[in-house]
Amino acid sequence: MATDFKSLPVIDISPLLLKCDDPDMAEDAGVTEVVRQLDRACRDAGFFYVQIGHGISEVLINRVREITREFFKLPYEEKLKIKMTPAAGYRGYQRIGENVTKGVPDIHEAIDCYKELKQGEYGDTGKVMEGPNQWPENPQEFKDLMEEYIKLCIDLSTKILRGISIALCGSPYEFEGKMAGDPFWVMRLIGYPGAPFTNGKPENDIGCGAHTDYGLLTLVNQDDDKTALQILSNGIYESTLHRVINSSPQYRVCVAFFYETNFDAVVEPLDICKQKYPGGTGGSQVFKRAVYGEHLVSKVQTNFAM
C-alpha cells in the first residue's frame, strides 16, 4: 500500500537528468540506481523528495514562493481583478473557502493556471477550459517569472517520467507520443492562512481535505516548516491519499505543478503493465480507460463553490 510509510525518500535524480536524452540511458549504472529508488518510492510512499539534482535554481524556486506570497498580501479588491469564473476557463483567483473537497470548503486561497488551449482545439470538451491565464499585473514580474518556472517544471517532469517508465519495464518514452507527448499541465499557487487558536489548540487547520491527485506527476514547491499514473501502471503505483494541514499561526505558501497526459489522451493500462499484471495488482482489479480532458472538466466544474 502507498500509505504504509514512515518517512519520505530523498532521491538524487542528477544521474537520470544527465542521461535522459540518451536512448541507451537504461543501461547506465547511475540511471539504474535512480530508477530503482523511483520504483521503490512510487510503490511504498507515492511521494518522494527531489531536493538534489533537479536542475532548477534555488533562487528561482524561492522567488516563485516569495512573489506568490506578495500577491496574497494584496488587498482583497486587488486580488479580485483576476477572479476565477467559468467564463474565464476556471482560471484566476479564488478566495478562501471557494475550493471544495468532498463537499467541504477548504481553508486556502489560490490562483489556478492551466495550459492555454486554442479555440476549438478539443471541441466541446476543451471549450470549458479555453482562455488565457489570468496573471496579476501586481507584482509586476509575476507573469514572466511563472512562465519561466512552468517551462522548467515541464522539462523536469518529462525527465522524471522517463525514469518511471523504465521502472515499469518499458522504454524511456512509454509516456510520450499519444499519451503525454503534448502534456497538459495545471499549476495552483496556494496560500494557507495560519490557524486560529483557542485554548492552545487550532480551531480549523484543514487547508485542503483528504484527496488523491489524478494526473501523472505533481511537483510541490512549498514553505519549509486514482491517478493517471495509477491507471497506466495497472495499479502497480497507487495514488496516495493526502491532505494539507496548517496547524501553525503562520501563513504558508505552496506552488503545486501538475504534469498531466495529453488533454485528449485515452488513459488505460500500458501494454507492458497489462502483461506484467494482467488483472491489476493482486490479480483482482482491472482499471478502466478514461479520457483525461473529460475527467479534468468534470473536476473543475464541481470543485468550486461559485
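In the annotation of an unreviewed UniProt entry, the entry for the protein chain reads Probable 2-oxoglutarate-dependent dioxygenase At3g49630 isoform X3, and the organism field reads Camelina sativa.

Moving on, we get to the nonpolar core. Ranked by internal contacts, the top residues of the largest apolar core, which has 51 residues, are Ile160, Ile164 and Met187. Those elements giving two or more residues to this core turn out to be helix 1 (14-19), helix 2 (29-44), helix 3 (58-72), strand 6 (109-114), helix 6 (142-167), strand 7 (185-192), strand 11 (217-222) and strand 13 (252-259). Considering every element that reaches this core, the biggest residue donor is helix 6, with 12 residues.

Here the focus is the packing of aromatic side chains. Within the structure shown, the criterion is met by 12 aromatic pairs. Seen in terms of ring centroids, Phe71 and Phe142 are 6.1 Å apart; in terms of plane orientation they differ by 55 degrees. Their pairing is tilted. One end of the pair, Phe71, is in helix 3; the other, Phe142, is in helix 6, and 71 residues separate them in sequence. Residue Phe71 is classed as buried on the basis of its relative accessible area of 1%. Here Phe142 falls in the buried class, since its relative accessible area comes to 0%. On the basis of an interplanar angle of 85 degrees and a centroid distance of 6.4 Å, the ring pair of Phe263 and Tyr292 is categorised as edge-to-face. Within this pair, whereas Phe263 is found in the loop between strand 13 and strand 14 (266-267), its partner Tyr292 is found in helix 9 (residues 292-300), the two being separated by 29 residues in sequence. Like Phe263, the residue Tyr292 is buried in the burial classification. An aromatic cluster of three or more residues is present, and its members are Phe71, Phe72, Tyr76, Tyr93, Trp135, Phe142 and Tyr251.

Reported here for the largest cavity is a volume of approximately 40 Å³. Lining the largest cavity, in full, are Thr158, Leu161, Arg162, Pro172, Tyr173, Glu174, Phe175, Glu176, Ala180 and Tyr259. Broken down by element, the lining of the largest cavity gets its largest block of residues, 3 residues, from helix 6.

At a closest axis distance of 8 Å, the pairing of helix 2 and helix 6 adopts a crossing angle of 80 degrees. As summarised for this structure, helix 2 and helix 6 are arranged roughly perpendicular, according to the angle between their axes. On helix 6, the residues that touch Val31, Val35, Leu38, Asp39 and Cys42 of helix 2 are Ile160, Gly163, Ile164, Ile166 and Ala167.

On to a nonpolar patch on the surface, then. Residues Val10, Tyr49 and Ile52 make up a contiguous nonpolar surface patch of roughly 260 Å² in combined accessible area. Using a relative accessible area of 43% as the deciding quantity, one classes Val10 as partly exposed.

This next bit is on the pairing of strand 7. Counted residue by residue, strand 7 has 8 buried out of 8 residues, so it is predominantly covered. By the alternation rule, side chains of strand 7 split into Trp185, Met187, Leu189 and Gly191 and Val186, Arg188, Ile190 and Tyr192, which are all buried. As paired strands, strand 6 and strand 7 are joined by 6 bridges and run antiparallel to one another. Note on strand 7: the bridge partner recorded for Glu109 is Gly191. Relative to strand 13, strand 7 runs antiparallel, the two being bridged by 8 bridges.

Here we come to the pairing of strand 13. With 8 of 8 residues buried, strand 13 lies mostly within the body of the structure. Of the two faces of strand 13, the one holding Arg252, Cys254, Ala256 and Phe258 and the one holding Val253, Val255, Phe257 and Tyr259 are both buried throughout. The pairing of strand 11 with strand 13 spans 6 bridges and is classified as antiparallel. Residue pairing for strand 13: Asn221 is matched across the bridge by Val255.

The rules behind the values
- Residues numbered from 1 in each chain as written.
- Predicted model: local features only at pLDDT ≥ 70, side-chain atom pairs only at ≥ 80, totals over all residues.
- Heavy atoms only, no water.
- Core = buried A, V, L, I, M, F, W, Y, C linked by side-chain atoms within 4.5 Å.
- Buried < 20%, exposed > 50% of the residue type's maximum accessible area, 1.4 Å probe, protein only.
- Helix = DSSP H or I, 4+ residues; strand = E, 2+ residues; numbered from the N terminus.
- Phe/Tyr/Trp six-rings, centres within 6.5 Å; stacked < 30°, edge-to-face > 60°.
- 1 Å grid on protein atoms, 1.4 Å probe; cavity = no way out; pocket = protein on both sides within 12 Å on 5 of 7 lines; lining within 4 Å.
- Points joined across faces, edges and corners; volume = space filled by probe spheres on them.
- Axes fitted to C-alpha atoms, helices over the stretch in contact; angles between N-to-C directions.
- Parallel < 35°, antiparallel > 145°, perpendicular 65-115°, else oblique.
- Contact = heavy atoms within 4.5 Å.
- Patch = residues over 30% accessible without salt bridge, like charges linked within 9 Å, V, L, I, M, F, W, Y side chains within 5 Å.
- Areas by Shrake-Rupley, 256 points an atom, 1.4 Å probe, with all protein chains shown as cover.
- Salt bridge = Lys/Arg side-chain N within 4 Å of Asp/Glu carboxyl O.
- Pairing = 2+ DSSP bridges.

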